[in-house]
Amino acid sequence: MYSVTIETTGVDAAEAKDWANELANVYADMAVSDVNVSGNKISFKAGMTGMDDTEPDDIKMKLDEYVTMHEAFGVKKIDIR
């Protein structure tokens, strides 16, 4: 699992948690855990189930697509480690 931090332009904490948890429902191969919202940052663990060779770029691609589909907030930066 990778640590993901999304810096936003402003976010409602409950909406952001729901948004992050919904990733696992939208993408059946994605796992999300430990969602935390603090100020303008959303952080969580993310990975791809059944894929031992998952890279940060794989996660970033899914997040970019999901952000475009569900514009719940403005994204300033996505960091995946």
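From a predicted model like this one, the values you see are computed outputs, not experimental measurements. (Residues numbered from 1 in each chain as written. Predicted model: local features only at pLDDT ≥ 70, side-chain atom pairs only at ≥ 80, totals over all residues. Heavy atoms only, no water.)

**Q** Summarise the nonpolar core; cite the residues concerned and give the values.
**A** Formed by 23 residues in total, the largest nonpolar core has its most connected members in V4, I6, W19, I42, F44, I59 and L63. Elements supplying a minimum of two residues to this core: β1 (2-8), α1 (13-26), β2 (30-38), β3 (41-48), α2 (56-69) and β4 (75-80). Those residues in contact with I59, other than ones at most four positions away along the chain, are Y2, V4, M30, A46, G47, M48, T54 and I80. (Core = buried A, V, L, I, M, F, W, Y, C linked by side-chain atoms within 4.5 Å. Buried < 20%, exposed > 50% of the residue type's maximum accessible area, 1.4 Å probe, protein only. Helix = DSSP H or I, 4+ residues; strand = E, 2+ residues; numbered from the N terminus. Contact = heavy atoms within 4.5 Å.)

**Q** A description of the packing of α1 against α2 should follow, citing residues and the corresponding values.
**A** As a packed pair, α1 and α2 sit with axes 11 Å apart at the nearest point and diverge in direction by 110°. Comparing the axis directions of α1 and α2 gives the class roughly perpendicular. Residues W19, E22, L23 and V26 of α1 touch α2, and the partners they reach there are L63, Y66, V67 and M69. Tallied by class, residues from the contact of α1 with α2 come to seven nonpolar, no polar and one charged. (Axes fitted to C-alpha atoms, helices over the stretch in contact; angles between N-to-C directions. Parallel < 35°, antiparallel > 145°, perpendicular 65-115°, else oblique. Nonpolar A, V, L, I, M, F, W, Y, C, P; charged D, E, K, R; others polar.)

**Q** I'd like a rundown of the sheet that holds β3, residues and numbers included.
**A** Taken in spatial order, the four strands line up as β2-β3-β1-β4 in an open sheet, and their pairing is antiparallel. The open sheet has two free edges, formed respectively by β2 and β4, since each of these has just one partner strand. The sheet shows a mean angle of 20° between the axes of neighbouring strands, direction not considered. Where β2 lies against β3, seven bridges are found, and the strand directions are antiparallel. Counted as the bridge partner of S33 is K45 from β3. Contacts from α1 reach β1, β2 and β3, with the element oriented near 170° to β2. Lying on the sheet, α2 is in contact with β1, β2, β3 and β4; it crosses β4 at an angle near 155°. (Pairing = 2+ DSSP bridges.)

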